[in-house]
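Architecture and fold: a report
Here is what each chain is made of, one letter per residue.
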Amino acid sequence: SDASILYVGNLTQSEVGALYGGAAMAANVSPVEGMPRSSIEAISQGVPVILPPKVPEFTETDAELVAPGDVEKLCDLMLDQPLCPKTAQYNVEVHDAAAILPRYLKLIE
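Scope of this entry: the structure provided in the associated data block. Here the residue index of a chain counts from 1 through its sequence in written order. pLDDT decides what is reported in this predicted model: residues at 70 or higher carry local features, side-chain atom pairs at 80 or more are listed and counted, and totals for whole chains, interfaces and linings draw on all residues regardless. The side-chain numbers reported here are obtained from all heavy atoms of the structure, hydrogens and water having been left aside.

A short note on the nonpolar core
- Counting residues in each nonpolar core, the largest one holds 11 residues, listed as V16, Y20, A26, A42, I43, V47, V49, L51, V55, F58 and A63.
- Taken together, the elements giving at least two residues each to this core come down to α1 (13-21), α2 (37-44) and β2 (49-51). The set of buried Ala, Val, Leu, Ile, Met, Phe, Trp, Tyr and Cys residues whose side-chain atoms join them within 4.5 Å is what this entry labels a nonpolar core. Summary of the burial criterion: residues with accessible area below 20% of their type's maximum are buried, those above 50% are exposed, and those between are partly exposed, where the area comes from a 1.4 Å probe applied to protein chains only. Here a helix means four or more residues in a row that DSSP labels H or I, a strand means two or more in a row labelled E, and each is numbered from the N terminus.

As structure tokens, then:
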């Protein structure tokens, strides 16, 4: 119900690309989601991305990392982003079960 948030519904791949093409940044600080498609799409479009730490897939990117409950750091990163943009890089070839499973096993050992 917040007027500053707009639900856009299902979009085609080209519509998603157009949205990211005009985005200043993307933030995903979910503590329960693995490598979400929206983060990969933002990274592939060269959009600066803020991601949660301790997700093995995110160790392959140089995105800014912030803990889900750290509102102050999230705000600082969002406010600083326009001054010193840092676009993330992610090698999608490492995003397969054979590469990811050993990292998760290390976390639970």
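Re the side chain of E41
- As for its placement among the helices and strands, E41 is situated in helix α2.
- Should any heavy atoms of two residues lie within 4.5 Å, those residues are counted as being in contact. Discounting chain neighbours no more than four positions away, the residues touching E41 are Q13, V16 and Y20.

Focus on the environment of L65
- Inspection of the secondary structure assignment puts L65 in strand β3 (residues 64-65).
- With a relative accessible area of 31%, L65 lands in the partly exposed category.
- Taking the C-alpha atoms as reference points, L65 and V29, separated by 36 residues in sequence, lie 8.5 Å from one another.
- Those residues within four positions of L65 in sequence are excluded, and the remaining contacts are L51, P52, P53, F58, K73 and L77.

Side note on a nonpolar patch on the surface
- A patch consists of residues whose relative accessible area exceeds 30% and which take part in no salt bridge; residues with like charges are grouped when within 9 Å of each other, and nonpolar side chains (Val, Leu, Ile, Met, Phe, Trp, Tyr) when within 5 Å. In this description, accessible areas are obtained by the Shrake-Rupley approach with a 1.4 Å probe, and a residue is regarded as covered only by the protein chains that are shown. Salt bridges are counted wherever a side-chain nitrogen of Lys or Arg sits within 4 Å of a carboxyl oxygen of Asp or Glu. A grouping of L101, Y104, L105, L107 and I108 is seen on the molecular surface, where their side chains present a nonpolar patch of about 510 Å² in accessible area.
- Along the chain, the position of L107 falls in helix α4 (residues 97-108).

Details of the side chain of S39
- Topologically, S39 is positioned in helix α2.
- Apart from residues no more than four positions distant in its own chain, S39 is found in contact with N28 and L51.

Overview of the sheet that holds strand β1 (residues 26-27)
- Think of it this way: DSSP has to see at least two bridges between two strands before they count as a pair. Spatial ordering of the open sheet is given by β1-β2-β3, a layout of 3 strands whose pairing is parallel. Each end of this open sheet is capped by a strand with a single partner; those strands are β1 and β3.
- Two elements, β1 and β2, share 2 bridges in a ladder whose sense is parallel. Note on β2: the bridge partner recorded for A27 is I50.

Here we look at α1
- Those residues of α1 that sit buried are V16, G17 and Y20. One face of α1 carries all of its buried residues, which in axial projection span an arc of 100°. Turned more than 90 degrees away from the buried face of α1 sit S14, A18 and G21, all of them exposed.
- Buried residues in α1 make contact with β1 and α2. In this description, one arc is meant: the one made by directions from the helix axis to the C-beta atoms.

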